[in-house]
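Here's the letter readout for the chains.
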Amino acid sequence: MKSTILRIGLLGLSILGISLLHYLTPLHLHYLHDIFQRFYYLPIILAALWFGFRGGLLCSLTVSLVYAPHILFQWGGGLTLEMEKYLEIVMYNVVGGVTGLLAQRERTRSLELQRTARGLEESYNKLQAQSQRIMTVEEQLRRAERLSTMGEMAAVLAHEIRNPLGSIRGTAEILRDDYRPGDPKHEFIEIQIKETERLNRVVEEFLRMARPQPAEMRHCSLREELETIATLAANDARARKIKLTLEPPAADIFVNADGEKLRQAFLNIVINALQATPEGGTITIATQKTDSLYEIRFSDSGPGIAASALARVFEPFFTTKPDGTGLGLAITKKIIEAHGGMLEMESEVGKGTTVIVRLPAM
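Everything quoted here is computed from the prediction, not taken from an experiment.

**What about the packing of aromatic side chains?**
Argument step 1. In this structure the tally under the stated criterion is 3 aromatic pairs.
Argument step 2. With a centroid separation of 5.6 Å and an interplanar angle of 70 degrees, the aromatic rings of Tyr40 and Tyr92 are classed as edge-to-face. Here Tyr40, found in the loop between helix H2 (30-39) and helix H3 (41-74), pairs with Tyr92, found in helix H4 (residues 83-176); they are 52 residues apart in sequence, far enough to count as distant. Across the pair, exposure class does not vary: Tyr40 and Tyr92 are buried alike.

In structure tokens form, the structure reads like this:
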């Protein structure tokens, strides 16, 4: 708006200035008048370029009205002698109209090109978003294929590994009775039994992930579930000299979930945080509501995770721990997604890690 007023003012001042030159210059200096009358084309062309056909024509008519009295009264109005000056007035209007029309068409074409460019940009963004969705679906299909393969392997593992493990452990327990505590062989047998138990847990976790049991959905108090997890992890946190803090919601909130599986998912997250956090560190569990979701944030002050590893933390069998199985977070993600929720992880090396669980509100 300000630029329009400024342009109109500039055109008005230029027309007024040129007209004053005409009226104040003696008539015998006719060559100056010839120059001045051509100065009028400057505001006419500018008006046409700035305001289109109507602007150019309106400016040329204004110039005609201002210039005509000079011809009629100062030059005497001789039609035959001053025909060129009358023709000049005609040319003012022709130039104003034609230039304005061309400028208006050019502006219209420019706007159409801009709209076309915006449309192409929107189409490109949509295609890019669709491409991203396709890639996401492909990744989900690949993950589903891997899990399907794992399910087929589960029966073989159950038969080929668990039964021999039971025999090995039973034999080791029998042999342990033959040696007193403190005997080197007794210690070796204890190690054998513990490693057998650890291997058996790996197989059980694998089977739970590959063949999950149907969930029993009911109204669960999110506050109670988190308090239970905090109580279960409290002793471990004290032993590791880690401060575990629960910041429950102000009011009790409920979700539709299988409480046992939800506790398993939360406990997996807290155990990972305890294992990653050094002595003297902190772990905070906080809950808040965002839109139609409850957001539970598990934040630790551990060393953080590199970006290359962060992109793979939910993949089965991927782990950064020397004695880890790489199944805990994969199982946790599967549980949360089965509840209609989402599991995300944010981390920065040297600044800790935050696991974010989002569950639909009731």
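**Structural notes on the environment of Gly170**
Argument step 1. Residue placement: Gly170 occurs in helix H4.
Argument step 2. In sequence terms Gly170 and Ile193 are 23 residues apart; their C-alpha atoms lie 8.8 Å from each other.

**Considerations on the side chain of Ser64**
Argument step 1. As for its placement among the helices and strands, Ser64 is situated in helix H3.
Argument step 2. Since its relative accessible area comes to 10%, Ser64 is described here as buried.
Argument step 3. Separated by 2.9 Å, the side chain of Ser64 and the backbone oxygen of Ser60 make a polar contact.
Argument step 4. Residues within four places of Ser64 in sequence aside, it is in contact with Ile89, Tyr92 and Asn93.

**Considerations on the sheet that holds strand S6 (residues 342-348)**
Argument step 1. The mixed open sheet is built from 5 strands, whose spatial order is S2-S4-S5-S7-S6. Edge positions in the sheet fall to strand S2 (243-247) and S6, since each has one partner strand and no second. Averaged over neighbouring strand pairs, the angle between their axes works out to 15 degrees when direction is ignored.
Argument step 2. In the sheet, strand S4 (residues 282-290) pairs with strand S5 (residues 293-300) via 8 bridges, with the strands oriented antiparallel. When the sheet's bridge partners are listed, Thr284 is paired in S5 with Ser299.
Argument step 3. Across the sheet, helix H6 (residues 222-239) touches S2, S4, S5 and strand S7 (352-360), and the angle it forms with S2 is around 170 degrees.

**Description of the nonpolar core**
Argument step 1. Residues Leu222, Phe266, Ile296, Phe298, Val357 and Leu359 are the most contacted members of the largest nonpolar core, which totals 34 residues.
Argument step 2. Broken down by secondary-structure element, the contributors of at least two residues to this core are H6, strand S3 (254-257), helix H7 (259-276), S4, S5, helix H9 (328-338), S6 and S7.
Argument step 3. For this core, the leading source of residues is H7, giving 7 residues.
Argument step 4. Not counting residues within four places of it along the chain, the set of residues in contact with Phe298 comprises Leu226, Phe266, Ile269, Val270, Thr284, Ile285, Thr353, Thr354, Val355 and Val357.

**Some remarks on the pattern of salt bridges**
Argument step 1. Counting across every chain of the model gives 11 salt bridges.
Argument step 2. For Arg263, the salt bridge goes to Glu225, with nearest N and O atoms at 2.9 Å. Here Arg263, found in helix H7, pairs with Glu225, found in helix H6; they are 38 residues apart in sequence, far enough to count as distant.
Argument step 3. Salt-bridge contacts for Glu346 lead to Arg297; the nearest nitrogen and oxygen are separated by 3.5 Å. With Glu346 in strand S6 and Arg297 in strand S5, the pair connects residues that are 49 residues apart, well separated along the chain.

**Section: a nonpolar patch on the surface**
Argument step 1. Together, Leu87, Val90, Met91, Val94, Val98 and Leu102 make up a nonpolar patch on the protein surface, roughly 520 Å² of accessible area in all.
Argument step 2. The residue Met91 is located in helix H4 in this model.
Argument step 3. Residue Met91 is classed as partly exposed on the basis of its relative accessible area, which comes to 40%.

**A short note on the packing of H7 against H9**
Argument step 1. The N-to-C vectors of H7 and H9 enclose an angle of 145 degrees; their axes lie 9 Å apart at closest approach. The handedness of the crossing between H7 and H9 is left-handed. Along its contact with H7, which presents Lys261, Leu262, Gln264, Ala265, Asn268, Ile269 and Asn272, the element H9 presents Gly328, Leu329, Ile331, Thr332, Ile335 and Ile336.
Argument step 2. Classifying every residue of the contact of H7 with H9 gives 7 nonpolar, 5 polar and 1 charged.

**A few points about the side chain of Thr277**
Argument step 1. Mapped onto the secondary structure, Thr277 falls in the loop between H7 and S4.
Argument step 2. Side-chain polar atoms of Thr277 contact the backbone oxygen of Ala273, separated by 2.6 Å.

**With respect to the pairing of S5**
Argument step 1. The buried fraction of S5 amounts to 6 of the 8 residues, a majority that puts the element mostly inside the structure.
Argument step 2. The loop that links S4 with its antiparallel partner S5 comprises 2 residues; one of these, Asp291, has a positive phi angle of about 55 degrees.
Argument step 3. For S5 and S7, the ladder comprises 8 bridges, and the chain directions are antiparallel. Paired with Glu295 across the two strands is Arg358, which belongs to S7.

What counts and what doesn't
- Residues numbered from 1 in each chain as written.
- Predicted model: local features only at pLDDT ≥ 70, side-chain atom pairs only at ≥ 80, totals over all residues.
- Heavy atoms only, no water.
- Phe/Tyr/Trp six-rings, centres within 6.5 Å; stacked < 30°, edge-to-face > 60°.
- Helix = DSSP H or I, 4+ residues; strand = E, 2+ residues; numbered from the N terminus.
- Buried < 20%, exposed > 50% of the residue type's maximum accessible area, 1.4 Å probe, protein only.
- Polar contact = N/O pair within 3.5 Å; in protein donor to acceptor, adjacent residues only side chain to side chain.
- Contact = heavy atoms within 4.5 Å.
- Pairing = 2+ DSSP bridges.
- Axes fitted to C-alpha atoms, helices over the stretch in contact; angles between N-to-C directions.
- Core = buried A, V, L, I, M, F, W, Y, C linked by side-chain atoms within 4.5 Å.
- Salt bridge = Lys/Arg side-chain N within 4 Å of Asp/Glu carboxyl O.
- Patch = residues over 30% accessible without salt bridge, like charges linked within 9 Å, V, L, I, M, F, W, Y side chains within 5 Å.
- Areas by Shrake-Rupley, 256 points an atom, 1.4 Å probe, with all protein chains shown as cover.
- Left-handed = near helix turned anticlockwise from the far one by under 90°.
- Nonpolar A, V, L, I, M, F, W, Y, C, P; charged D, E, K, R; others polar.

The values reported here are purely geometric and, on their own, carry no functional implication.
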